[in-house]
Amino acid sequence: MLRRRVSFHTLGCKLNFSESSTLARQFAEGGFERVAPTAEADICVINSCSVTEHADKKCRNLIRRLHRRNPEAIIAVTGCYAQLKPQEIAAIDGVDIVLSNNDKGDLYRRVVELGAKGRQIVTSCTTEELTRFFAAFSGGDRTRAFLKVQDGCDYCCSYCTIHYARGASRNLPIAEAVAEARRIAEAGQREIVITGVNTGDFGRTTGERFIDLLRALDAVEGIERYRISSIEPNLLTDEIIDFCASSTKFQHHFHIPLQSGSDRILGLMRRRYTTARFADRIAAVRRRMPDAFIGIDVIVGFPGETEADFRTTYDFLTGIAPAFLHIFPFSERPGTPAVDLPGKVQASVASERVKRLEALCDRLHGDFCRRTEGTESAVLFESTMRGGMMFGFTGNYIRVKAPYERAFINRICRVRLGAMDGMHDLAGEIVRDNGETERL
Ligand code: SF4
């Protein structure tokens, strides 16, 4: 008899979070009890990431920890690491099921069928199957839902294995995305993050356009906010920027991968833009939305990156002044062209560069948040409570913190923004209907 407590452990990107939410829903509908990741469980589901060697290692450690804590539990591993190195995962003690990304949606059925300890290693994955399977996912389990509208990538950045792990670019038809957004609205969630591997590349399957998806979603009643999880700079068109600026639902929040501020390194990375084009896109966003939160991905220590290249990146980012930097030390992925590039950067040099960018990020993020101190903003408070505090985000993605009060959860409230409280939060005061503020 299969026992019923299931825990979920999601590593990596918002896409994985979206898919884990869908899996959790399947288990809930089947009568399983979802327990916290730290609780004892009968089934442990791990949705893995393989963006770096560190991500693989983190997954292996997690599996070992879960097995030690739950020696009798069924351990099922899926996601990008499972897709790329299934045998490596299958060899770890305690693992019962390894499913490729393709088979991810079948995980619930396979766990139920397994029913008792056994071995079932499934690794097959074809593009056709990936396409067929795709539409099964979307989800979310909080105030904010993740709606997966696109999967896979047709680009071939020289450091990336995602196009092997996730297959060719494909999309959910707009009509299905809208139906899913309506379902999310009916479930009471107010905000949707539109996710994908290469989200802006939407339309490969159906020939539809990303901008038309945005327009269709904008019309869904009950959803008050949308965010685009990430968009490549070469796909961020004026049309998309203008639409986001004029919509009352699309938030002034953009996550745009740069990866390097050196055109020479961008060429080696096989990225599809120059720094001039990138700067032009940021300027276009700022012209229409001066208050926009702009988050930027950067890879540090790519083969051939000299101190001068790094300095160019540093200066470029200082000039752009984004609100946040997501910094990744370069990680060599077997089978990618970057492996054969000369000029490997020593780990100690890469980690020193990471630290310099982290310090820059702290300064830029603080500057961005402090500019809003004393202003009013709409904040959607989420249900998570930590240390008696509730947290929510402004439209332009500043995290606001206030003492927990249930009446304000999952509601968009008018909030006067106070001073920085720690490195990442602003203290907030709710503005009451009579215009008075109240420290919560
Ligand atoms: S755009 Fe480049 S880095 Fe991003 S998933 Fe596609 S190949 Fe990988």
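Small disclaimer: the values here were computed from a predicted structure and weren't measured. (Residues numbered from 1 in each chain as written. Predicted model: local features only at pLDDT ≥ 70, side-chain atom pairs only at ≥ 80, totals over all residues. Heavy atoms only, no water.)

A few words on unusual backbone geometry. A positive phi angle is found at Ala321, which is not glycine, with a value near 50°. Along the chain, Ala321 falls in the loop between helix 13 (307–320) and strand 14 (324–329). Phi is positive for Tyr397, close to 65°, though the residue is something other than glycine. Examined against the element boundaries, Tyr397 turns out to sit in the loop between strand 16 (389–394) and strand 17 (399–403). When its relative accessible area of 21% is taken as the criterion, Tyr397 is described as partly exposed. (Helix = DSSP H or I, 4+ residues; strand = E, 2+ residues; numbered from the N terminus. Buried < 20%, exposed > 50% of the residue type's maximum accessible area, 1.4 Å probe, protein only.)

Close to the ligand lie Cys153, Tyr155, Cys157, Tyr159, Cys160, Ile162, His163, Val197, Glu232 and Arg271. Split by residue class, the shell around the ligand holds seven nonpolar, one polar and two charged. (Near = heavy atom within 4 Å. Nonpolar A, V, L, I, M, F, W, Y, C, P; charged D, E, K, R; others polar.)

Running from N to C, helix 1 (residues 14–29) and helix 5 (residues 107–114) cross one another at 45°; their axes reach a closest spacing of 9 Å. Put simply, helix 1 runs oblique to helix 5. Here helix 1 contributes Leu23, Gln26 and Phe27 to the contact with helix 5, which in turn contributes Leu107, Tyr108 and Val111. Residue classes in the contact of helix 1 with helix 5 are distributed as five nonpolar, one polar and no charged. (Axes fitted to C-alpha atoms, helices over the stretch in contact; angles between N-to-C directions. Parallel < 35°, antiparallel > 145°, perpendicular 65-115°, else oblique. Contact = heavy atoms within 4.5 Å.)

Along an α-helix, residues three or four positions apart point the same way, because every turn accommodates 3.6 residues. Given a rise of 1.5 Å per residue, 24 residues ought to cover 34 Å, and the 34 Å separating the end C-alpha atoms of helix 14 (residues 347–370) matches this to within 8%. Residues of helix 14 that are buried include every one of Ala350, Arg353, Val354, Leu357, Leu360, Cys361, Leu364, His365, Gly366, Phe368 and Cys369, and no others. (Expected span 1.5 Å × (residues − 1).)

Moving on, we get to the sheet that holds strand 11 (residues 225–228). Within a sheet, each strand pairs with its neighbour through backbone hydrogen bonds, oriented either parallel or antiparallel. One open sheet holds the three strands; their spatial order is 7-10-11, and the pairing between them is parallel. If you trace the sheet from one side to the other, it starts and ends with strand 7 (144–148) and strand 11, each paired once. Geometrically, the sheet is characterised by an average inter-axis angle of 25° between neighbouring strands, direction not taken into account. Looking at chain direction, strand 10 (residues 191–195) and strand 11 are connected through four bridges and run parallel. Looking across to strand 11, one finds that Glu191 is bridged to Arg225. (Pairing = 2+ DSSP bridges.)

Now for helix 13. Between its first and last C-alpha, helix 13 extends 20 Å over 14 residues, near the 20 Å set by a 1.5 Å rise per residue. Those residues of helix 13 not exposed but buried are Asp309, Phe310, Thr313, Tyr314, Phe316, Leu317 and Ile320. The arc that holds every buried residue of helix 13, seen down its axis, measures 165°, which confines them to one face. Away from its buried face, by an angle of more than 90 degrees, helix 13 presents the exposed residues Ala308 and Gly319. A positive phi of about 50° marks Ala321, the residue just after helix 13. (Arc of directions from axis to C-beta.)

Right, let's get into the packing of helix 9 (residues 210–218) against helix 10 (residues 238–246). The axes of two packed helices give the description: the angle between them and the distance between them. Close contact between helix 9 and helix 10 brings their axes to 10 Å; oriented N to C, the two are set at 15°. The orientation of helix 9 relative to helix 10 falls into the category roughly parallel. The handedness of the crossing between helix 9 and helix 10 comes out as left-handed. Across the interface between the two elements, Phe210, Ile211, Leu214, Arg215 and Asp218 of helix 9 pack against Glu239, Ile240 and Phe243 of helix 10. (Left-handed = near helix turned anticlockwise from the far one by under 90°.)

Let us look at the sheet that holds strand 14. With parallel pairing, the three strands of this open sheet are ordered in space as 12-13-14. Edge positions in the sheet fall to strand 12 (253–259) and strand 14, since each of these pairs with one other strand and no more. The average angle at which neighbouring strand axes cross in this sheet is 20°, direction not considered. As defined by bridge partners, strand 12 adjoins strand 13 (residues 293–300) across six bridges and the pair is classed as parallel. Paired with Phe254 across the strands is Ile294, a residue of strand 13.

With that settled, consider the environment of Ser21. Among the secondary structure elements, Ser21 is positioned in helix 1. Taking relative accessible area as the criterion, Ser21 reaches 8% and is therefore assigned buried. Separated by 13 residues in the primary sequence, Ser21 and Phe8 place their C-alpha atoms 9.0 Å from one another.

Tallied over the entire structure, the rule returns 15 aromatic pairs. Consider the rings of Tyr273 and Phe278, whose centres lie 6.2 Å apart with planes at 40°: the pair is tilted. Residue classification places Tyr273 among the buried residues on the basis of a relative accessible area of 7%. Aromatic side chains Phe293 and Phe368 sit 5.6 Å apart centroid to centroid with 85° between the ring planes, which places their arrangement in the edge-to-face category. One end of the pair, Phe293, is in strand 13; the other, Phe368, is in helix 14, with 75 residues separating them in the sequence. An identical accessibility class is assigned to Phe293 and Phe368; each is buried. These aromatic residues form a ring-pair network of at least three members: Phe8, Phe27, Phe32 and Tyr108. The ring of Phe32 has Arg4 sitting right over it, with the charged end atom 4.1 Å from the ring centre. (Phe/Tyr/Trp six-rings, centres within 6.5 Å; stacked < 30°, edge-to-face > 60°. Lys NZ or Arg CZ within 6 Å of the ring centre and 35° of its normal.)

We now examine the pairing of strand 3 (residues 43–48). Burial of strand 3 is extensive: six of the six residues sit out of reach of the surface. Burial along strand 3 is two-sided: Ile43, Val45 and Asn47 facing one way and Cys44, Ile46 and Ser48 facing the other are all buried. Alignment of strand 1 (residues 5–10) against strand 3, held across five bridges, turns out to be parallel. Directly across from Val6, in strand 3, lies its bridge partner Ile43.

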